[in-house]
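# Observations on chain architecture
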Amino acid sequence: MSRVKLWEGSEAFKQSSNMSDFINDVNHQTKENIQSYDDLYQWSVNNTDQFWTQLLHYSKLHTQGEYKKVKSQETMPGVNWFEGLKLNFAQNILAYYQANPEENAICSFLENGAKSKISGQELIDQVKSLANYLRNHGVEKGDRVVGICSNTVEPVVAMLAATSLGAIWASCSPEFGQSTVLDRLEQIHPKVVIAVDGYQYNGKVYHKHEQLVDMINSLDSVEKVIIIHQVAMKHMYPADNWYSWSDAVTQYTEGELEFTPMDFNDPAYILFSSGTTGKPKCIVHSVGGVLLQHYKELALHTNLKPREKFFYYTTTGWMMWNWMVSALMLGVELVLYDGSAVYPDMDRLWSFVDEEKINVFGTSAKFIDACRKEKSFQPSSGKDLRCILSTGSPLMSENFDWIYQKVKKDVQLCSISGGTDIVSCFFLGNPLRPVYRGELQCAGLAMDVKAFDEQGQAVYEKEAELVCLQPVPSMPVMFWNDPDHERYTQAYFSTYENMWRHGDYIVLLKDYACIIYGRSDATLNPGGVRIGTSEIYRVVNQLEELEDSVVIGQDHENDVRVVLFVKLKGENNLSSDLKQKIKDVLKQQASPRHAPSLIFQVSDIPYTVSGKKVELAVKQIMHGQLIENKGAIANPEVLEDFYAIKNELENSRSIVA
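Below or above, wherever it landed, is the structure these notes cover. Note that this is a predicted model, so its numbers are computed, not measured. (Residues numbered from 1 in each chain as written. Predicted model: local features only at pLDDT ≥ 70, side-chain atom pairs only at ≥ 80, totals over all residues. Heavy atoms only, no water.)

With that settled, consider the pattern of salt bridges. One pass over the structure, following the stated rule, counts 26 salt bridges. With its nearest N and O atoms 3.0 Å apart, the salt bridge here joins Asp511 to Arg3. Here Asp511 is found in the loop between β27 (500-508) and β28 (514-519), whereas its partner Arg3 is found in the segment before β1 (5-7), with 508 residues between them in sequence. Residue classification places Asp511 among the partly exposed residues on the basis of a relative accessible area of 23%. Classification of Arg3 by relative accessible area gives partly exposed; the value is 30%. Between Lys141 and Asp266 there is a salt bridge, with its nearest N and O atoms 3.3 Å apart. Taken together, the positions of Lys141 in the loop between α6 (120-136) and β5 (144-148) and Asp266 in the loop between β12 (262-263) and β13 (267-272) put the pair 125 residues apart, joining distant regions of the chain. With relative accessibility at 44%, the residue Lys141 sits in the partly exposed group. A single salt-bridge network, built from bridges that share partners, covers Arg3, Glu439 and Asp511. (Salt bridge = Lys/Arg side-chain N within 4 Å of Asp/Glu carboxyl O. Helix = DSSP H or I, 4+ residues; strand = E, 2+ residues; numbered from the N terminus. Buried < 20%, exposed > 50% of the residue type's maximum accessible area, 1.4 Å probe, protein only.)

Bringing the sheet that holds strand β19 (residues 412-415) into the picture now. What the seven strands build is an open sheet, ordered β4-β3-β16-β15-β17-β18-β19; its pairing is mixed. Strands at the two margins of the open sheet, each flanked by one partner only, are β4 (115-119) and β19. The average angle at which neighbouring strand axes cross in this sheet is 15°, direction not considered. Strand direction decides the pairing type here: strand β17 (residues 360-364) and strand β18 (residues 387-391), joined by five bridges, are parallel. Each residue of the ladder has a partner; that of Phe361, found in β18, is Ile388. Of the strands in this sheet, β3 (104-110), β15 (309-312), β16 (333-338), β17 and β18 are in contact with helix α13 (residues 348-355), which crosses β16 at around 155°. Against the sheet, helix α14 (residues 365-373) makes contact with β17 and β18, and its axis sits at roughly 85° relative to β17, the strand it touches most. (Pairing = 2+ DSSP bridges. Axes fitted to C-alpha atoms, helices over the stretch in contact; angles between N-to-C directions. Contact = heavy atoms within 4.5 Å.)

Tracing the chain through its elements places Gly65 in the loop between α4 (48-59) and β2 (86-87). Overall, Gly65 belongs to the exposed group, its relative accessible area being 59%. Remark: the alpha-carbon pair of Gly65 and Ser576, spanning 511 residues in sequence, is separated by 71 Å. With residues up to four places along the chain from it excluded, the contact list for Gly65 reads Gly84 and Leu85.

To continue, consider the packing of helix α5 (residues 89-99) against helix α7 (residues 153-164). Direction vectors running N to C along α5 and α7 enclose 130°, while the axes themselves pass 7 Å from each other. The orientation of α5 with respect to α7, classified from their angle, is oblique. Along the contact surface, α5 presents Phe89, Ala90, Ile93 and Leu94, while α7 presents Met159, Leu160, Thr163 and Ser164. Its residues placed into classes, the contact of α5 with α7 shows six nonpolar, two polar and no charged. (Parallel < 35°, antiparallel > 145°, perpendicular 65-115°, else oblique. Nonpolar A, V, L, I, M, F, W, Y, C, P; charged D, E, K, R; others polar.)

Given below as C-alpha cells:
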C-alpha cells in the first residue's frame, strides 16, 4: 500500500529522545545490539519478562521488597505481576516534586477565566492535609473514594490523597446525569464522595448541589461528602457528614506525607465502561500495572521530559484524565482546562495552547474534525507545540492533512488508540518513526498485537480483528462484583482462548503501524463483505452538506443492509439529489458495497459522555432492541429520531432511500 510521509524528526531529535536513551540502556544492561525501534519492539514481545524488568529498572519507580517471578503465569486471564514487590501509587506520582518542590506542578483554568497555579510543594501539602483528613475520618486501604469533579487541581489532589492511603479512586464527570452516576457508584459502594457544586460549560453555569443531595441519599455506603465550591460561595449542608473542601485541606497540616505500601497487583483505580448496552463495567486497575504502563507510554512513546507543559483536553470521566495525571511523575507541568472546547469560539483551545506555551497537546479526533470542517478557520499558531495527541475515535486522513496545513508543519501528530479496558494504548506515537497519513505510528512496546481474520489467522494489510497474544500489566485485575471473573472472561476472552480480543477493527501493517477502522461490534457485513464504519465516515464526512453521520448494518432479507444517518449543516435538507450524491461518492471513493441502502436525516448524532460515537445503540434501536442505559449517552434525546425512523420502516414496506 502507498504511504504518504507527513513528518519525521531530525536525527538530533531522535538521538535525544527518551526512546533512544532506553535502547542504549537495554543494550548496556542486557548486551543486546538493538539498533532501531523495530528491533526494540521485537525484542520486547519475544522477551516480555526481560522487557518489563528492564523497564521497571529504567523507570526508577520507588519500590520495596523482592519478587521471584515477573509473571505468575504465561496465559491470560489471571496473571499477577511482580509478586512480592510493594509500592505506593501517590508516592511515585509525586516523587519528582518531592525532590523539586519549588517548581510549578499544575496550572488550572476554568472557562470563565479563573486561573490557579500550584507548585510541587503546594501540591504535596494539599495531598498531605487531605490524606490526613481522610485517615482521621476512617478511610483505609481498599475503601473507595469517588470524585464527581471538574478537570481542576482538586481531583488530582483527591486522587493522590486517596491512593497514598491505599484507597481506590474512581471518578465521574459532573455533567453526567444522576442515573449515569448512580449506575456506577451503586456498584462500588464508595465511603467518601468529593464533588463540585456545579460547573460552567459553553457560557452557562450548571448548579449540581440539589442533584448531589439526591444522589447521596441513594447511596447507603457514603459516610462523608466533601464539597468543592466552584459556582457558589456556600451551601446549607443537608447533614453533619458534609464538609467543605477548604476545611478538608487546611485542618491537618502537621507532619509528613505518609504512603501505605501496596502490593504491585493491589487496586489503584476503578474505571467505568460507557455502559451504552447495560450497566457500566467497573474495571479495576492495579497500582503497579498503571504506573509501569503509563511510564512506558508517557516517557518513551510520548517522549515527555521534565518541565515540558502537557495539556490534554479531557474530563475526569474519561480514562485520558488518569493517563494525563500520571505524567506528573515525569516532572512535567500539567495544564488543566475545564469548559467547552469551542466557547467563545473555535479557536479557544488553539489560542490556549499558544498563550500557555504548551509543548504536548492532546484532544479528540472529533474536535480536530470539527475544526477542519470550519472552512475559513485558521487556528492560532502553537510556536512551542512539538506534539499533538489524538484519540477517542479514528483520526481520518483528511484531518492529518489539516493539522499539517493549518496548525504546524513541524509537529509530531500521534493518533493513539487503546481504551478504558487497559487504561492505556495498544497503538501510539514514536519519536523514532515518521508520521504517515492516516496511520497510528506503532504498536506499543511489549504489546504483542495481531490482526485476526474470520478464520482466526494473523493477517497484515487486511482489515481484521485486534487481538493481543500476551498479557501486559495494565490489563484489569478484575471487574468489581465479579467474583468468578465470568464477566471479565466474557468481555475479552470469549472469542479466542487465552487471547485478548479488544473489539477494534484494524489494518495492521508489517512494521506494526496501524489503521483503525472502528469497533468490530459495529462492523458492517453487506453481502458477506466486512466493512469498517470509518471507511464510510472518511468519505461522507468530506461532503460540505454534512456536519456528522452514523452508519450501521441492519439485518434484512437474509443479508445486511447499510443504513446511514446524517446530520446536515445549516438549512440543508436531505433531497433525492443529495442522497444520490452520497451514494455516488461512496461508490467512487470506496466501493459499491459501501453505498447505503437507506439514508435518513436526523437532528443530531448520539455520543457517549466521553465523546465516542454510539453506533451500537443506533444498531440496537434499528433491530428493535431496548436501550437499557440512556444515561450513558450525552444527548439521549436524539434517540427519539431513530425510534421514529424505526417505526416508519415498520409501518411502510415501500420506503425507498
